[in-house]
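Chain and residue survey
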Amino acid sequence: MAKLLYSAIMSLDGYIADRNGNFDWSMPDDEVHSFVNDLEDRVGTYLLGRRMYEVMVFWETVPSGPDIPPVERDFAASWLRKDKVVYSRTLENASSARTRIEREFDPEAVRRMKKEAADDLSIGGPDLASHAFTAGLVDECRFFISPIVVGGGKRFLAEDVKVDLKLLEERRFGNGVVYLHYRVAGG
């Protein structure tokens, strides 16, 4: 059975974007980006909220020219190979290939996806992830902690999510980012 993974790049104080919606402080350097690419190669399907999808769909149109860093070309190629499920009540059409829109997050449908998938699933977006945590669907978390405190903004998870985690792996990068990989207790 495939696992459902929640990954997030966040500030040290737990935000994926600051109060102004900026997240430029979280842009990975080549070392971190290459590591993320290796992790994402094991994922077959992205489950995304609308806002996260609107950020990520950028990868659909990344040029392949020599002026684009290799780690970005690699991530774009990986994005194109993935299936995507976007949960949105307002998005009319997908602007990426291999994408379907679902109007409601259905925990039972996600359980079926996990049972039937050959590769892992990755959930993106803190609001959607909160629903998955509440439903007991998330198996592992992969957090990239950026060396910055932003003092408020969009949290990486809703305040009412409570989950016990077991540390599986940690790694420090040259730019000060720390990667923490957890298994959800009971997952």
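Note that the structure is a prediction, hence the values are computed from the model and not measured.

Calculation criteria
- Residues numbered from 1 in each chain as written.
- Predicted model: local features only at pLDDT ≥ 70, side-chain atom pairs only at ≥ 80, totals over all residues.
- Heavy atoms only, no water.
- Buried < 20%, exposed > 50% of the residue type's maximum accessible area, 1.4 Å probe, protein only.
- Helix = DSSP H or I, 4+ residues; strand = E, 2+ residues; numbered from the N terminus.
- Pairing = 2+ DSSP bridges.
- Axes fitted to C-alpha atoms, helices over the stretch in contact; angles between N-to-C directions.

**Let's talk about the pairing of strand β1 (residues 4-11)**
Within β1, six of the eight residues are buried, which leaves it mostly tucked inside the rest of the structure. Strand direction decides the pairing type here: β1 and strand β6 (residues 120-124), joined by three bridges, are parallel. Looking across to β6, one finds that Leu-5 is bridged to Ser-122. As defined by bridge partners, β1 adjoins strand β7 (residues 140-146) across seven bridges and the pair is classed as parallel. If you follow Ser-11 over to β7, its bridge partner there is Ser-146.

**Overview of the sheet that holds β6**
The eight strands are arranged β5-β4-β3-β6-β1-β7-β10-β9 in an open sheet whose pairing can be described as mixed. Since the sheet does not close on itself, it has two edges, and those belong to β5 (99-102) and β9 (165-172), each with one partner. In this sheet, neighbouring strand axes are inclined to one another by 20° on average, regardless of whether the strands run parallel or antiparallel.

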